[in-house]
Amino acid sequence: MKITITNPQIAKAINLISSKSQNEKRIFSPDPKNEPYWHHMVRVYYWLVQKGETDLNLLLAAILHDSVEDNYVTLTKITELFGTEVAEIVNLLSEKIHTDHTNSKDRSYYFQEIQNYADKNIRTKAIKIKVADRYDNLIGLSFTNLENKKEQYRNEIEMFFYKFAQEVGMEDYISKGLAILNKELIAPDILLQINFEVN
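None of these values were measured; they are calculated from a predicted model. Residue numbering note: each chain is counted from 1, following its sequence as written. Reporting of local features is limited, given that this is a predicted model, to residues whose pLDDT is at least 70; pairs of side-chain atoms are given and counted only at 80 or more, and all residues count toward the totals for whole chains, interfaces and linings. The side-chain numbers reported here are obtained from all heavy atoms of the structure, hydrogens and water having been left aside.

J.: In this structure, what is going on with the pattern of salt bridges? I would like to understand it.
T.: Side-chain pairs of opposite charge can arise whenever the charged atoms involved come near each other. A pair is scored as a salt bridge if a Lys or Arg side-chain nitrogen falls within 4 Å of a carboxyl oxygen belonging to Asp or Glu. Under the counting rule described, the total for this entry stands at 16 salt bridges. Here arginine 26 ties to aspartate 136 by a salt bridge, and the two come within 3.7 Å at their closest N and O atoms. Remark: aspartate 136 occurs in helix α7 (residues 120-141) and arginine 26 occurs in the loop between α1 (8-20) and α2 (39-50); sequence separation between them is 110 residues. Across the pair, aspartate 136 and arginine 26 agree in class, each one buried. Put simply, DSSP marks the helices as runs of H or I at least four residues long and the strands as runs of E at least two long, and each gets a number from the N terminus on. Relative accessibility decides the category of a residue: with a 1.4 Å probe and only protein chains considered, values under 20% of the type maximum give buried, values over 50% give exposed, and everything between is partly exposed.

See the structure below:
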């Protein structure tokens, strides 16, 4: 998968997250020992671009969506660099009781918080990012033997993601992602090559 970055703000967000998480590897990956963790965040941005998304704050928040939750960046820093709306979206997407990718605890409170968020604009943007995030996680998870996590994701799809995806017109990402997880479809190439062409 090749992605070309031309927007300087997008490049700044990628450079920020890649510098903060440079030593961490991506567990949900065809190459878990070598793929940088931050590639996942860039792919979430890419899946949204593939859906025709052009809203810069939405795309910046997609790149930064795990950055606060994983203690790479503070909300204060995101506000300073990218503005209050980006920070608010990232805050909504950040699990307050953080669980790692091998944990299968009930996270209903987290999805309900997104579902019930008062600001409809922020809520819609967060849901779009969350659906793209779930799509990428389903693809990545298909390469693992984390059966408890797979079952957790299937349950969360049933409880929340069908509704989320329908609301924002991204049903195909959930249906395709689930089919890939269940080995009914072949996973696409997700190993990332980024080309920066920023003036």
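From this point, things continue past the structure.
J.: In this structure, what is going on with the nonpolar core? I would like to understand it.
T.: Generally speaking, a soluble globular protein has its nonpolar side chains buried in company with each other. Only buried Ala, Val, Leu, Ile, Met, Phe, Trp, Tyr and Cys residues count toward a nonpolar core, and they belong to the same one when joined by side-chain atoms within 4.5 Å. Within the largest apolar cluster, 65 residues are counted, with the highest numbers of intra-cluster contacts made by Tyr45, Trp47, Ile78, Ile129 and Val131. Not counting residues up to four positions away in its chain, the partners in contact with valine 131 are Phe161, Phe164, Ala165, Val168, Met170, Tyr173 and Ile174. We call two residues contacting when some pair of their heavy atoms lies within 4.5 Å.

J.: What should I look at first to understand the packing of helix α6 (residues 108-115) against α7 in this one?
T.: Angle between the axes and distance between the axes: these two values describe a pair of packed helices. Two elements in contact, α6 and α7, have axes separated by 9 Å at closest approach and are oriented at 140°. If you check the angle between α6 and α7, you find them oblique. Taking contact as the criterion, the partners of Tyr110, Phe111, Ile114 and Gln115 in α6 are, on α7, Arg123, Ile127, Lys130 and Arg134. Following the grouping adopted for this structure description, the nonpolar residues are Ala, Val, Leu, Ile, Met, Phe, Trp, Tyr, Cys and Pro, the charged ones are Asp, Glu, Lys and Arg, and the polar ones are all others, Gly among them. Taken together, the residues of the contact of α6 with α7 sort by class into four nonpolar, one polar and three charged. A fitted line through C-alpha atoms serves as each axis, taken over the contacting stretch for helices, and the angle formed by two N-to-C directions is quoted from 0 to 180°. Note on terminology: angles under 35 degrees are roughly parallel, angles over 145 are roughly antiparallel, angles of 65 to 115 are roughly perpendicular, and the others are oblique.

J.: Before we go on, may I ask you to explain the environment of leucine 181 in this structure?
T.: Residue position: leucine 181 is located in helix α9 (residues 171-181). On the basis of relative accessibility, which here comes to 3%, the residue leucine 181 falls in the buried class. A sequence separation of eleven residues divides leucine 181 from methionine 170, and the C-alpha atoms of the two residues are 17 Å apart. Those residues within four positions of leucine 181 in sequence are excluded, and the remaining contacts are Leu138, Leu141, Ser142, Lys150 and Arg154.

J.: Just checking my understanding: could you explain the environment of histidine 40 for this structure?
T.: Its location among the elements puts histidine 40 in helix α2. Along the backbone, histidine 40 and leucine 141 are 101 residues apart, and their C-alpha atoms lie at a distance of 12 Å.

J.: Which parts of the structure should I look at to understand the packing of aromatic side chains?
T.: Two descriptors summarise a pair of aromatic rings, namely the distance from one centre to the other and the angle between the planes of the rings. Each Phe, Tyr or Trp ring, with Trp reduced to its six-membered ring, pairs with another whose centre is within 6.5 Å; inter-plane angles below 30 degrees give stacked pairs, above 60 give edge-to-face pairs, and intermediate values give tilted ones. Applying the stated rule across the entire model yields twelve aromatic pairs. Ring geometry for phenylalanine 28 and tyrosine 153: centres 6.3 Å apart, planes at 75°, overall edge-to-face. Here phenylalanine 28 is found in the loop between α1 and α2, whereas its partner tyrosine 153 is found in helix α8 (residues 147-167), with 125 residues between them in sequence. You'll find phenylalanine 28 and tyrosine 153 in the same group, each marked buried. Measuring from centroid to centroid gives 4.3 Å for tyrosine 135 and tyrosine 173, while their planes differ by 5°, and the two rings are stacked.

J.: Mind showing me how you'd approach the packing of α2 against α7 here?
T.: Between α2 and α7, the least distance of the axes is 9 Å, while the angle of their chain directions is 120°. When the axis of α2 is compared with that of α7, the two are oblique. Where α2 crosses over α7, the handedness of that crossing is right-handed. Contacts between α2 and α7 involve His40, Arg43, Val44, Trp47 and Leu48 from the first element and Lys128, Ile129, Ala132, Asp133, Tyr135, Asp136, Asn137 and Ile139 from the second. Across the contact of α2 with α7, the residue classes tally to seven nonpolar, two polar and four charged. By convention, the crossing between two helices is left-handed when the near helix turns anticlockwise from the far helix through less than a right angle, and right-handed when the turn is clockwise.

J.: Help me understand the side chain of serine 142 in this model?
T.: By the element assignment, serine 142 lies in the loop between α7 and α8. The class of serine 142 is buried, set by a relative accessible area of 4%. Polar contact is the term for a pair of N or O atoms within 3.5 Å; when the atoms are in protein, one must be able to donate a hydrogen and the other to accept it, and sequence-neighboring residues count only if both atoms are side-chain atoms. A polar atom in the side chain of serine 142 sits 2.5 Å from the backbone oxygen of isoleucine 139.

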